[in-house]
Amino acid sequence: MKKAIITGVTGQDGSYLTEFLLAKGYEVHGLIRRHSTPCDDRIAHINDANFFLHYGDLTDSLSITNLVREVQPDEFYNLAAQSHVGISFEVPEYTAEATGVSTIKVLEAIRQNKIDTKFYQASTSELFGGLPETAPQSETTPFHPRSPYAAAKLYAYWITVNYREAYDMFACNGILFNHESPRRGADFVTRKITLAIAKIMAGKQDKLSLGNLDAKRDWGYAKDYVEGQWLILQQDKPDDFVLATGETHTVREFVEAAFEEVGIKIEWRGAGAYEEGYCAKTGKLLVDVNPKYFRPAEVDLLLGDPAKADRVLGWKRKVSFRELVKIMVQADLKIYGR
Ligand code: NAP
Ligand code: F7E
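Just so it is clear, the structure is predicted and the values come from calculations on it, not from any experiment.

Q: Is there a simple way to think about the side chain of Lys105 in this case?
A: As for its placement among the helices and strands, Lys105 is situated in helix 4 (residues 92-112). There is a polar contact of 3.0 Å between the side chain of Lys105 and the backbone oxygen of Thr59.

Right, dumping it as structure tokens:
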């Protein structure tokens, strides 16, 4: 039986990856932080004798060292991070520690304890910075981080490559474009939109306030992406891979598609900070822009080129943009009783 450690096990990807690996017959060990109130909603339903949780924190090298010594994993998935780009501008130093420097703690724990494990680092399309002239972005596109989050992930990316080259470790980066699901955190734009629609339909919210509607993202379904994470570690040679859909949409398009799921056509009026979205049928104001959601520096256009993942891993996204929107809207409508 193969053993895997997952940091970030309570997160969106960690929870899907746990289910995926357990279904493949792995013994799964998750690193979990202590909270004053339980924060394990995404994994609370997993009742499996091969699933173990260990208290610790990625900023604490002792908990990482103890964990790898105890478990002696075959595979290590480093998914934990302060993962919110906007919030990284408000907590830049903590983000550097939790999202960047922590990766060296894991790599050193593996190296110093001579653990023979394959290592996966959760790298990100944010590394590219989204300058329009760089699209579509692939493994060879130059990096240009545009946030404290992306700068921290840049360190984590390169230290992973460095340990592969310096110590011959099986260390890989998955450079993943945005992937979403009903388990997406409520403060990421897709889930914020689908939750708001469910609440508006239930009469519990009047309108949805957003930031930059023009930002373009390559949005896929998280379940497809955790399979890609696993595939990256099943190769004979360690390498870095982009996982993306190869399709991009604006935030505005996501809003339109999500409202269409509940039979509402959005009519836009105004521009920039004064843009508003109205129900075409009733004239009710449903969407507006609040500049407090603008970021000090924006990533304008992410569009991934997943050709290498297709060629080498045989990986392709399965769920389309419209299917993703439908899955998320339906799941949130259900939460609010519809
Ligand atoms: P997420 O839902 O925000 O989950 C983050 C996880 O990290 C949570 O389990 C969180 O634990 C944990 N964590 C945060 N700080 C920690 C610390 N100091 N010690 C231990 N655990 C800590 O993120 P996600 O969407 O699943 O993404 C997984 C990884 O992929 C992240 O590294 C993210 O940056 C990266 N990524 C995500 C995407 C995407 O579109 N989803 C794309 C590219 C890369 P708590 O529950 O205790 O807060
Ligand atoms: O923003 C715009 C915002 O926060 C997407 C993380 O998983 O993917 C994620 O980072 C876009 C941005 O995700 C709101 O300005 C407009 O342009 O959903 P997001 P993100 O920043 O792309 C990458 C790949 C990661 O690695 C990260 O960990 O939407 N936007 N209005 C808004 N964004 C938010 N959050 N809230 C708004 O109201």
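Q: Even after reading the chapter, I still don't get the packing of aromatic side chains, so can you show me in this structure?
A: For any two aromatic rings, the description comes down to two numbers: the centre-to-centre distance and the angle of the planes. Enumeration over the complete set of coordinates arrives at 13 aromatic pairs. Ring centres 5.5 Å apart and planes at 65° place the aromatic pair Phe20 and Trp230 in the edge-to-face group. Taken together, the residues Phe20 in helix 1 (residues 12-23) and Trp230 in helix 7 (residues 222-233) connect sequence positions 210 residues apart. The exposure classification of Phe20 matches that of Trp230, with both residues buried. The lysine or arginine in question, Lys118, covers the ring of Phe170, its NZ or CZ lying 4.5 Å from the ring centre.

Q: I would appreciate a short explanation of the site of ligand 2 in the present structure.
A: In the vicinity of ligand 2 lie 23 residues, with Ser83, Thr124, Tyr149, Arg295 and Glu298 positioned nearest. One of the side-chain N or O atoms of Arg295 is found 2.6 Å from an oxygen atom in ligand 2. Here the shell around ligand 2 is built from residues that sort into nine nonpolar, seven polar and seven charged.

Q: I'm lost on the site of ligand 1 in this one. Help?
A: Surrounding ligand 1, one finds 25 residues, the nearest of these being Thr10, Arg33, His35, Ser83 and Tyr149. The contact in question runs from a nitrogen atom of ligand 1 to an N or O atom on the side chain of Tyr94, over 3.1 Å. Side-chain polar atom of Lys153 to an oxygen atom of ligand 1: 2.8 Å apart, as the coordinates give it. Surface burial for ligand 1 is 90%, taken as the share of its 900 Å² of free accessible area covered by protein chains. Mapped onto the shell around ligand 1, the elements with two or more residues apiece are helix 1, strand 5 (118-124) and helix 5 (148-167). A per-element tally of the shell around ligand 1 places strand 5 first, with three residues. Grouping the amino acids of the shell around ligand 1 by side-chain chemistry returns ten nonpolar, ten polar and five charged.

Rules and cut-offs
- Residues numbered from 1 in each chain as written.
- Chains lettered and ligands numbered in written order.
- Predicted model: local features only at pLDDT ≥ 70, side-chain atom pairs only at ≥ 80, totals over all residues.
- Heavy atoms only, no water.
- Helix = DSSP H or I, 4+ residues; strand = E, 2+ residues; numbered from the N terminus.
- Polar contact = N/O pair within 3.5 Å; in protein donor to acceptor, adjacent residues only side chain to side chain.
- Phe/Tyr/Trp six-rings, centres within 6.5 Å; stacked < 30°, edge-to-face > 60°.
- Buried < 20%, exposed > 50% of the residue type's maximum accessible area, 1.4 Å probe, protein only.
- Lys NZ or Arg CZ within 6 Å of the ring centre and 35° of its normal.
- Near = heavy atom within 4 Å.
- Nonpolar A, V, L, I, M, F, W, Y, C, P; charged D, E, K, R; others polar.
- Areas by Shrake-Rupley, 256 points an atom, 1.4 Å probe, with all protein chains shown as cover.

In short, shape yes, function no, at least from these values alone.
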